[in-house]
Amino acid sequence: GDRLVVGSNQGAPYIFERQANGTWAEVQKLVVTDGFAGQQFGFSVAIHEDRVVVGAVGDDDNGTESGSVYVFERQTSGNWTQVQKVIASSGAPDDHFGWHVAIHGDRFVVGVKDDDTQGPSGGAVYVFERQTSGTWTETKKIVASDGAKYDYFGFHVAIDGGRILVGAHGEDASGSAYLFEVAPVC
């Protein structure tokens, strides 16, 4: 559409909007109240309509560099407000939750390239869905059916409706992509 978000691993994602004359203007710098040096808020960003998700791979709620993701929504005033911070239910130190994020409608996905469920840095992807209450809830953790150590599954993620595409940067030393389909959000 006419909005975009630009991230920076130094903690300053910015929202831009397309103006009537076709130029792009900065409308807001996103900030969080619990930010700290080394958090890398803005390492990854994604936008869909009036929602933005921002990865902070250096956050430490689940241990050093376990990572987190912040959700922002555009208010009727035009301001963007943080509505929630999410972490992985099975997060661990050095997972880098939020390495890559993607959002579509009432669902977003988080790539965790260094998750150790299938061996060191085998990787995983978490799916979050917006509930009728407005909160975002983790609904699924996805791993590759043939996952192995150093696959980096979740290095890249994309979502469109119920389709989730996951890149595994290190799988068999040449990389792979996995396509998943999930039920529509109710």
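Our subject is the structure that appears above.
Figured I'd write up the structure that's included with this text.

Quick word on the overall build of the protein
In step 1: The secondary structure content of the protein amounts to zero helices and 14 strands.
In step 2: In the protein, the succession of α and β elements from N to C terminus is β-β-β-β-β-β-β-β-β-β-β-β-β-β.
In step 3: At 16 Å, the protein has a C-alpha radius of gyration in line with the 16 Å of a compact globule built from 186 residues.
In step 4: Projected onto its principal axes, the C-alpha coordinates of the protein cover approximately 50 × 35 × 35 Å.
In step 5: A separation of at least 24 residues holds for 45% of the contacts in the protein among residues at least 6 apart in sequence.
In step 6: For the protein, the exposed surface amounts to about 8,900 Å²; the carbon and sulfur share of it is 47%.

A look at the pattern of salt bridges
In step 1: One pass over the full model with this rule turns up 13 salt bridges.
In step 2: Note that E17 is salt-bridged to R74, the shortest N-O span being 3.5 Å. Here E17 is found in strand β2 (residues 14–18), whereas its partner R74 is found in strand β6 (residues 68–74), with 57 residues between them in sequence.
In step 3: Classification of E17 by relative accessible area gives buried; the value is 17%.

Here we look at the sheet that holds β6
In step 1: Read from one edge of the open sheet, four strands run β4-β5-β6-β7, paired in antiparallel fashion. Of all the strands in the sheet, the pair left with one neighbour each is β4 (41–48) and β7 (80–86). Each strand axis lies, on average, 25 degrees off the axis of its neighbour in the sheet, ignoring direction.
In step 2: Note that strand β5 (residues 51–56) and β6 share six bridges and pair antiparallel. Paired with V52 across the strands is F72, a residue of β6.

So, the sheet that holds strand β13 (residues 163–168)
In step 1: Strand order in the open sheet made by the three strands is β12-β13-β14, with antiparallel pairing throughout. Each having just a single partner strand, β12 (153–160) and β14 (176–181) make up the two edges of the open sheet. This sheet shows a mean twist of 20 degrees between the axes of neighbouring strands, independent of strand direction.
In step 2: Where β12 and β13 come together, six bridges link them in antiparallel fashion. Residue pairing across strands places V157 opposite V166, the latter belonging to β13.

Re the pairing of β7
It is a general feature of regular strands that their side chains alternate between the two faces of the sheet.
In step 1: Relative to β7, β6 runs antiparallel, the two being bridged by six bridges. Within β7, the position partnered with V69 by the bridge is V86.
In step 2: From the end of β6 to the start of β7, which pair antiparallel, there are five residues, and G78 there has a positive phi angle of about 100 degrees.

Rules used throughout
Residues numbered from 1 in each chain as written. Predicted model: local features only at pLDDT ≥ 70, side-chain atom pairs only at ≥ 80, totals over all residues. Heavy atoms only, no water. Helix = DSSP H or I, 4+ residues; strand = E, 2+ residues; numbered from the N terminus. Rg over C-alpha atoms; globule rule 2.2 N^0.38 Å. Contact = heavy atoms within 4.5 Å. Areas by Shrake-Rupley, 256 points an atom, 1.4 Å probe, with all protein chains shown as cover. Salt bridge = Lys/Arg side-chain N within 4 Å of Asp/Glu carboxyl O. Buried < 20%, exposed > 50% of the residue type's maximum accessible area, 1.4 Å probe, protein only. Pairing = 2+ DSSP bridges. Axes fitted to C-alpha atoms, helices over the stretch in contact; angles between N-to-C directions.

Keep in mind these numbers describe shape, not what the thing actually does.
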